[in-house]
Every structure is written in C-alpha cells, then in structure tokens.
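Fold and geometry: a report
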Amino acid sequence: MSADERALTVAPSTTTAWNRTRLGAFLSQPLSWVFISVIGIVGFLSLYPTFFLFYGSLTDAPLGVPGHFTLGNYIRAYSDPEAYPLLLNSFIFGLGASGLSLVFALTLAWITIRTNAPFRRIFELTAIVPNILPPILVSISWVMLLNPSNGLINGLFVKLLGMEKGPFNIYSMPGLIFVESLILTPLAFLIVAAALKSMDPSLEESAKTLGSNEFGVMRRVTFPLIRPAILAAGTLNFVRAVESFDTPAIIALPARIEVFTTKIWREALGSFPTNHNLAATYGVGILVIALIFVYLYRHFTSQVENFSTVTGKGFRPHQIDLGRWRFAASGLALLLLVLLVLLPLLVLLLVAVLPYYHVPTWRTWHNLTLDHFRYVWTTPRVHRAFANSLFLALAGASVCMILASLASYITVRTKIVGRSLIDGLVFIPWAFPGTAMALGLLWAYVDFPIPIYGTIWIILIAYVTRFLPYGLRAVSSTIIQVHKELEEASVVCGAGFLATFRRVLIPMMRPGVMAGWIILVTILLREFSATLFLYSPGAEPLGPLLYFLYLDGMRGRVAAIGLVISVISIILIAFAQRYSRWETN
Amino acid sequence: MLRKAQLAFAFFTAAIFSTAPLYSQSPSLIAAAKKDGKVVVYGSLESDVADAAFKGVKNKIGIDVDYWRASATKVMDRALSEFRAGKPVVDIVLTNDNPMQIMFKEGLFAKYDSPSAKDFPKEAIDPNLGPRYRNVIIGVVYNKDIIKAADAPKSLEDLVKPLYRGKLVIPDPTQHTTTTQWVASLDKLMGKEKAAKFIRDLAAQKPILVESLLPAAERVATGETPIAITYVKYVYIYGQRGAPLDYVRLGKFMGDGHYLDLSAKAPHPNAGKAFIDYFLSADNMKTLAKAGEFVNRKGIYPPIPDADKIQFVEMYDLDSKAFAEKKKEYQQIFLH
C-alpha cells in the first residue's frame, strides 16, 4: 500500500475524529453557546411567521386552511405589466425619500454634534420628536399646510404676495417624497448621530495637521468614517419608504400617483376578502428587494477595519469652531426643525383644540375646546392603553437591544461560520409589508402549542421579531467603529467573553445601544399594524386605540393622545441620553 | 271607592310597565350571563356609538364588554383565523353584510333566535344572519358654507355637470370595497344603461380620490373639497361639532346592512345571547339612533333633517370574483 493509499484509507476516521475535536473545541467556547442561542432565537422569531407567509404564497387557500401547491400567485403578481412601472415609481419614491432624509439627518447631526452652533443640545433633543408622532398624523398635518385648495402655507403666500394661487402642491411626487423624508429623518439622525459621537477625532486632527481645511476634513475623513452609518440609515429608510402605505394613501392617491404598495393594497390586502396568498406573494417580492439592499449594505461595510475609530485612547469628539458661521448653522438647524417638528406639532396642537378637524377660520377661535384632552384625562380605557404600551415599549426595546448587541457582535466581530445568517434572518420579517407580516404573526401564533395567543407576551414577541433590525442597525454601525485592540487587551488580562462583552464592548457601544433603544421605544409606543391582530380585547395598547379613534374620525382625540405620547417620549429620551453619557464618551 | 280602585289599578299597571325592561330577556339568561362574566365582541361599529351601546349592556345586564374594533375585512380575518385554528376568543361578531355572509358560510355562527328580533320589520330579517339592525347609508354630502343650498346638486346625475368639475371627492372605487359595491349597484337606482353612462361621466369629472368614506367627509368638513360621496350620518356627527355639512335629498339612497351574530364556539355563550337580546332592543336602537345611526325600527330615526324620508336600497352582495372584476373595470374607467 502506497503512502497515498494509506492516507486515503485512514482519512475518513481521521476526518471524523478531527471534526469531532473541532466540534468539541467549538462547543467549549462560551461565545459558541451565545452564537447558538442567538441564531436559535432569531431564527425562530423570524422564520416561524415567515414560513407561513412563504407557504401562503405557494398555496391556493387562505393560511390555516389546507390548500394545493400553486405558482399561480407568483404568475398573477409578476406577469402583470402594470406592476413594473409601479415598481419604478416606488423606487423613485424610496430613493428620493431616503436620500432627502439622509441630507436632513446629516446636516442636523453634523451641526448638533460636531460644531459649536448655539442651542445645539436643544436641537439634538427635538430632532427625535417626529419619530414619536404617528406617521399618518404627520402626513395629515402637511396636507393641511400645503394642499393647493386651502393649505395654510399656500394661503399665507396668496395673502402676503397677492398670488392667484399658492405655490405648493402636496399632491405630487415631490410632495410625497418631501413628507416621507420628514417622517424618516429622525431614524437616520439617530443612527448617524450615534456614529458621529463614537468617532475618534485624532484622524481629523491628523488631517488638519497635514494642512486640510475643515471642509476637506469633513469630505475626506469624517464622511468616509461614518459611511457605514449613512448606508445603514439609507438602507433602512429606503425599505421603510418602499413598504409604506400611509403616506401614499393620503398624498399619492389624490395625486393619482400609484406606487407598488397601493397595488398590493388594491389587489391583496384591501381586496375582499383579503387575498392572503397574493399578499404573501407581493411580500416575498419586497423581501427580495430588501435582501438585495442588505447584501449591498454588507458589501459596503465588509472592510470593517477601515472604519474602526473608537480605540483604547480616551477622546472627546472634535468640535469644529464655526466662528461667525455658527449662527447660520443654528439657523439652518432651526429651519429643519421647524419643518420636522414645529409645523407638524403646531398643526397637531391645533387639531387637538378644534371641535372637529378643519382649516381654522376666524369663527374657529370662538369654538376652541379642551374636550379632547379631557377625554384623555378622564377615560379609563386611555389610561389602561398607556400602561400597556409603556410596559410593551420598555420591555420590547430592552429585549431587542440585548439581542441586537449580541447579534451585531457576532456578525461584525467574529469569524464564526454562518454569522452572516443572523443579519439576513433578522431582516426577513421586517422586509414584509406591515400588514402582511401581521397576518403571518397571527397565523403563526394563533395555533402555537404554548398558550400565549391572546396574552400580552405574544405582542412582545411580535415587537422583537419585527423591530429587531432597527436595533441591529443602530448597534452595528457603532460596533464597526470600535477597534479590536480593546477586546484584545481585555482578553490578555484574563477576562472571558461575557466579561469582555459586559465591561468593554457594552460601554463602548452605549451610544448605538441607546440610540437603538430610543428609536424602538418611540416606535413601539405607537405601533399598531402587528398589535392590531394580536392584542386581546380588553388589553388594548395605544397603537390600536389611536388607530380606532382615527378610523372613527376623531382626529382631535388622536392629536391629544399623540401630544401626551410626545411628552412621555421626550422624558424617556432625555433620560436615555443622560444615561448613555454621550457627552462624556 | 270604585274610582279610587280604578286609579290604583291604573297606577299599579303603569308602574309595572314603566319598570319592565324595554327588551325581552329571561332572568335565567341574565343570571347565566353574569356567571360568564364578560362578552368579547369583534366589530366595526364606531367607537363612540359602541361605547354608548356597551354602557347599556353594563347597566342592564351587568357584564363587561371587551371590544375589538377594526374594519369589516379585518374583523373577518381575525374571527375566521381563530375559528379555523380552534382558538375561539370571540363571542359576538358585529359587522357588514358581505363579510357576515362569508363567516356564516364557514360555519362560524351559532343559531340564536333572539326574542328582540320580532320587533324588526320582516324585510330587515336575513334568513341566515337575523335582523339587520342598522343601515349605513351613502349619499352626496356638501359644505354649505362653500356651496349654497340653491347651487347644490339635486340628484346624483347633477354631479357630472361641468359646474361641479374638480369639486367632488369620492373614495377610490378601485381600492375601497364599499365604494366598489356602491358604484356596482348604481343600476338599482338608475337602470343599467344610465348607470353605465353615469359611471363614465363621473370618472371624466376627475373626482379627487381618497382612501375611504371618512377622509372624503373630512375633506368636505375642512372645505378642501366642497362635495363628497360619503355616509349621510357624517352630516350629523360632524354637524354636532360645528361643521357646516348638509346632504342632497336623493329620495332613494344606497347603503349596506349591519348584523350581529353569536359565535358557534363562543367562550361566553350566555353572555353573548344576553348581549344580542339587549343590543337588538328598542332601548338600544334609540341609543344608536341618537348617535346618528339609521336603525331598522319604525319611528326611530337619527337626528338628521328628513331622515324619515330616506328610502334605503341595499347594495348588491358581491363575491370575491365579482369584486376583483369590478375593481379591474373601474381601474380602466377611473385611473386611465
């Protein structure tokens, strides 16, 4: 027997033994168990309801009823030549809205975090406020301000400048993009701001030492360094815009602009009875688009080392002295905040004191009322909804951030085979349109062996499933910037994985973690699309309550509750910002 | 003495009748309902109207109502999904005709002949679903601050006059199910040929399209668009809050019916039955009418001018195939 033949003969048993040793070594690491637990939890949360939707897209009966295998839903959904121009419309809308939201967010984040512009801390706090407002109310506010018939701003132009007709028309593609971008800006702001706060200023200082001016530093150093955060925010906002239905329903429909979600609504979700199979099929299409963007995002951020800027050296983010221009910077930030916060909030306040929703006239001022606030104050149903939502938002956001921190550490910092699976898994449920996903959750959990259907826990599970990507993006863009040398130092000093994670990584990731937590709390406080299908009657959270009041035309009550939610959220945000010690970081 | 005895008898009789419940309800059923403790209702009845009705349930029967409010389609989705999965939560489903018929065909409802049903007119009793307790009536509503009564349209046909071009808002018939049904049923009012021409002329007016009937009414209340095709009851609901709305007296108005039924797997069946008895009672019908609803009881009308003169015409029931076809047809007419 030749040496080669001997090698071939012993190879199988040697390989098995070697594999066993490798598996043993893998399982002996605490990190491996963390990986197995995270992938197990995330995999279950995401694949279980998604399975029902995929299955639904391939059958001819509503989910829950045994049907026959068919590709008919895919043929019907994607053989329609009308679908493709609508996809193009959605693409233009998504790209425009996410692009404009990035411009707004970057400008605001740069002014409030990296410059010495006056009042920057107040601007920073208020920039998150729009995330608290139900998007539907923001859209309605802008319709009241910019509609061509009697929009308040148009009316002002007509009166002051003697124009025949107001210059703005909200019912147009630019109007649609503008309003959606305002809705999306806070999310981009939180992600970009967290990255700007975590950045090591020494690179910028080096560039300055080498003779670059402030603009050059910004262009060549600052922006390339926060590129992962920009891409993360852009990806999230693009997908969010493409799957949004509320703004197109209010603005695109009267403008006769059709986007893909209006088609999904007409043919599947809004059809009678709901065509679950077609809804799931369209959902799969949006999922594919979303996954392409996840792939692009990962491609852009794959060279992790290039972005590592939080090192072992202590630092404060470099503050740029704008000199006389600092007031202009404050003016610009103020202008953005007027668009983002002040105008919608003023309209909301107005609606909250009007007896019914209308454009105010002189007669209106005699009829102002506090009835809607009295309703909030005196109705036990509203109090219960606040208590339920606060519990769900705080618990949901915290669970999401713990999972997101572990998941992003594994995907960004380890070389474990299959780590990129986590990213994809997390993104799957998020990429489905909200209502389609809510149906998937309902079908998945209504027949679940553990009796959690009809309890508050099922809503918590739904929140973690659907909103984990927000947390993951916020943490990932920060963890990418934390240099490995800190972990290595911790390991050299004898700390295990959990101790290093708790004592080194969590404190360094704190801006990202807190940014994600804030995003989640504000979203979960008013979430309704998944909650609506899952909450048990009698244990109603705020989202469904707002939705029902909106459905019944009680804009005043919705606005009053919206304002109270805003105040609660601002208190939570202030607390979270203080706790995150962004300034000292 | 005899006169005194007659007076005492009359007083006694009046006292008995004045304290008797205005609805038929057996005490044993009320006791069993109280044992059940609560009733779970899935429905599309508007929150304020529902609150007023449920207050009565609490006062008269002494049970709490856990209410899940959603659109008719979502009510059906949830009730059917739970039913199919064998996880029944709901006792009473309360929504529009079409989804109720589908749920009936799926076997979701138990047969319950409420004693209160006998007070409804025969034509308002569906053999499968029981009494149609209210009609949701669609008409032409306008803002009287912008359009004077003399200048307002007098009929549906008037809406297609050039005078009203750009002044009309309607829910998108290619998306909003009830509006699809309304447009498809127009031939009940004007005959096939006239209806087909009217639909084309209406589309040629390029009306502003919105998501549903409520935003259409809101646009009229705000003055953004002066005329809408929407629910007539908004004249009262918004009018109460100060909005200057009125409606065109068309004589015949189309609309949909609302029903309520007991789930075949109701976890609280006695509470469900007691709920139905009270809900269909004259007492509750008055409460609903007071809130602006068109209930199916003779002599009980909402506080809307000329409400008693409205002749209700029920829209066609469309199946899913007919809905899809109509939506496609209206897409060609209204969107191209």
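Residues numbered from 1 in each chain as written. Chains lettered and ligands numbered in written order. Predicted model: local features only at pLDDT ≥ 70, side-chain atom pairs only at ≥ 80, totals over all residues.

Within chain A, the secondary structure is distributed over 25 helices and zero strands. Buried positions account for 52% of the 585 residues belonging to chain A. Long-range pairs, those at least 24 residues apart, make up 80% of the contacts in chain A with a sequence separation of at least 6. (Helix = DSSP H or I, 4+ residues; strand = E, 2+ residues; numbered from the N terminus. Buried ≥ 20, exposed ≤ 12 C-beta atoms within 10 Å, placed from the backbone. Contact = placed C-beta atoms within 7 Å.)

This brings us to the overall build of chain B. Within chain B, the secondary structure is distributed over 13 helices and 13 strands. Computed over its C-alpha atoms, the radius of gyration of chain B comes to 22 Å, within 12% of the 20 Å expected for a compact globule of 336 residues. With the principal axes as the frame, chain B shows a C-alpha extent of 75 × 60 × 35 Å. The proportion of buried residues among the 336 residues of chain B is 51%. (Rg over C-alpha atoms; globule rule 2.2 N^0.38 Å.)

The next thing to look at is helix α22 (residues 497-526) of chain A. Under the 1.5 Å per step criterion, the end-to-end length of α22(A) is only 37 Å for 30 residues, more than 12% shorter than the ideal 44 Å. A maximum bend of about 65° is found in α22(A) at A:Arg510, where proline A:Pro511 lies one to four positions downstream. (Expected span 1.5 Å × (residues − 1). Bend = angle between axes of the 7 residues up to and from the residue.)

Glancing now at the domain arrangement of chain B. Residues and elements named next belong to chain B. When cut into domains, chain B gives domain 1 (26-134 + 258-301) and domain 2 (135-255 + 311-335). Spacing between the C-alpha centres of domain 1 and domain 2 amounts to 29 Å. Tallying the contact residues gives eleven residues for domain 1 and eight residues for domain 2. Looking at the side of domain 1 that touches domain 2 element by element, the count peaks at three residues for helix α5 (residues 97-105). Split by residue class, the side of domain 1 that touches domain 2 holds one nonpolar, six polar and four charged. (Domains from an automatic or database assignment. Nonpolar A, V, L, I, M, F, W, Y, C, P; charged D, E, K, R; others polar.)

All names here are of chain B. Mean pLDDT over chain B: 89, with 93% of residues reaching 70 or higher. Ignoring residues within four places in sequence, the model shows residues 12-22, a span with pLDDT below 50, making four contacts including any to other chains. Interface scoring of the predicted complex returns ipTM 0.76; its pTM is 0.79. (pLDDT = per-residue confidence, 0-100.)

What follows concerns the packing of helix α8 (residues 173-197) of chain A against helix α12 (residues 246-255) of chain A. All names here are of chain A. Taken N-terminus to C-terminus, the directions of α8 and α12 make an angle of 155°; their axes are 10 Å apart at the nearest point. Our classification of the angle between α8 and α12 gives roughly antiparallel. With respect to the hand of their crossing, α8 and α12 are arranged in right-handed fashion. Judged by residue contacts, Gly175, Leu176, Val179, Glu180 and Ile183 of α8 engage Thr247, Pro248, Ile251 and Ala252 from α12. For the contact of α8 with α12, the class distribution of residues is six nonpolar, two polar and one charged. (Axes fitted to C-alpha atoms, helices over the stretch in contact; angles between N-to-C directions. Parallel < 35°, antiparallel > 145°, perpendicular 65-115°, else oblique. Left-handed = near helix turned anticlockwise from the far one by under 90°.)

Another point: the environment of B:Tyr236. You can see B:Tyr236 is positioned in helix α10 (residues 233-240). Ignoring sequence-local partners within four residues, the contact set of B:Tyr236 consists of B:Gly292, B:Pro302, B:Pro303 and B:Ile304.

On to the environment of A:Thr185, then. Residues and elements named next belong to chain A. Within the fold, Thr185 resides in helix α8. Note: C-alpha distance between Thr185 and Leu102 (83 residues apart in sequence) is 6.7 Å. What Thr185 contacts, discounting residues up to four positions off in sequence, is Ser101, Phe104, Ala105, Pro130 and Leu340.

This paragraph deals with the pairing of strand β6 (residues 134-143) of chain B. Residue and element names in this part refer to chain B. Where burial is concerned, most of β6 is hidden: ten out of the ten residues are buried. Where β6 and strand β11 (residues 252-262) come together, five bridges link them in antiparallel fashion. By the bridge assignment, Arg134 is partnered in β11 with His258. Relative to strand β12 (residues 294-295), β6 runs antiparallel, the two being bridged by two bridges. Paired with Asn135 across the strands is Phe294, a residue of β12. Where β6 meets strand β9 (residues 227-231), five bridges bridge the pair, whose relative direction is antiparallel. Bridged to Val141 within β9 is Ala228. Pairing between β6 and strand β10 (residues 245-247): three bridges, direction antiparallel. In the strand pairing of β10, Tyr142 is matched with Asp246. (Pairing = 2+ DSSP bridges.)

Taken together, the contacts link 45 residues of chain B with 37 residues of chain A. Residue assignment for the side of chain B that touches chain A shows that the elements contributing at least two residues are α3 (47-60), β2 (64-69), α4 (72-85), α5, β8 (208-210), α9 (213-222) and α13 (320-335) of chain B. In terms of residue count, α4(B) provides more of the side of chain B that touches chain A than any other element does, eight residues in total. Of the residues that constitute the side of chain B that touches chain A, the class distribution is 18 nonpolar, twelve polar and 15 charged.

Negative phi characterises most residues that are not glycine, and trans characterises most peptide bonds. All names here are of chain A. Even without being glycine, Phe119 reaches a positive phi, approximately 65°. Its place among the elements puts Phe119 in the loop between α4 (83-114) and α5 (120-126). Residue class for Phe119 comes out partly exposed when judged on the 13 C-beta atoms lying within 10 Å of it.

So, on to the pairing of strand β3 (residues 92-96) of chain B. Residues and elements named next belong to chain B. Taken across its five residues, β3 has five buried, putting it largely inside the fold. When strand β1 (residues 38-43) meets β3, the two strands line up parallel, connected through three bridges. Following the sheet pairing, Gly43 is matched in β3 by Leu94. Pairing of β3 with β11, which is carried by five bridges, proceeds in the antiparallel orientation. Within the sheet, the bridge partner assigned to Asn96 lies in β11 and is His258.

Along an α-helix, residues three or four apart share an orientation, since each turn contains 3.6 residues. All names here are of chain A. Buried residues dominate helix α24 (residues 542-551), accounting for eight of its ten residues. Looking only at α24, the buried set comprises Leu542, Gly543, Pro544, Leu545, Leu546, Tyr547, Phe548 and Leu549. Just downstream of α24 lies Gly553, where phi reads positive at about 75°.

This next bit is on the nonpolar core. Residues A:Leu190, A:Ile191, A:Val192, A:Ala233 and B:Val141 are the most contacted members of the largest nonpolar core, which totals 281 residues. When residues are assigned to domains, this core turns out to be shared by domain 1 (26-134 + 258-301) and domain 2 (135-255 + 311-335) of chain B, each giving three or more. Residues within four places of A:Ala233 in sequence aside, it is in contact with A:Leu102, A:Ala105, A:Leu187, A:Ala188, A:Ile191 and A:Val192. (Core = buried A, V, L, I, M, F, W, Y, C linked by C-beta atoms within 7 Å.)

All names here are of chain A. Per-residue confidence for chain A gives a mean pLDDT of 80, with 89% of residues at or over 70. Mean pLDDT per element in chain A: helix α1 (residues 3-28) is the minimum at 57, and helix α16 (residues 371-378) is the maximum at 93. Predicted confidence for residues 1-11 stays below pLDDT 50, and this span has one contact to residues more than four positions away or in other chains. Residue range residues 303-314 is modelled with pLDDT below 50. Its contacts to residues more than four positions away, or to other chains, number 26 contacts.

Here A:Asn150 is to be found in the loop between α6 (135-146) and α7 (152-161). Among the residues examined, A:Asn150 registers 18 C-beta atoms within 10 Å and is labelled partly exposed. For the pair A:Asn150 and A:Lys165, spaced 15 residues apart in the sequence, the C-alpha separation amounts to 9.8 Å. Ignoring any residue separated from it by four or fewer positions in sequence, one finds A:Asn150 in contact with A:Gly155, A:Val359, B:Gly223 and B:Glu224.

Packed helix pairs are characterised by how far apart their axes lie and by the angle those axes make with each other. Residue and element names in this part refer to chain A. Relative to each other, α4 and helix α15 (residues 325-353) sit at 135°, their axes nearing to 10 Å. Classed by the angle they form, the pair α4 and α15 counts as oblique. Seen from above, α4 lies across α15 with left-handed handedness. Taken together, the residues of α15 that come into contact with α4 (itself represented by Phe104, Thr107, Leu108, Ile111 and Thr112) are Ala329, Leu332, Ala333 and Leu336. When grouped by side-chain class, the residues that make up the contact of α4 with α15 number seven nonpolar, two polar and no charged.

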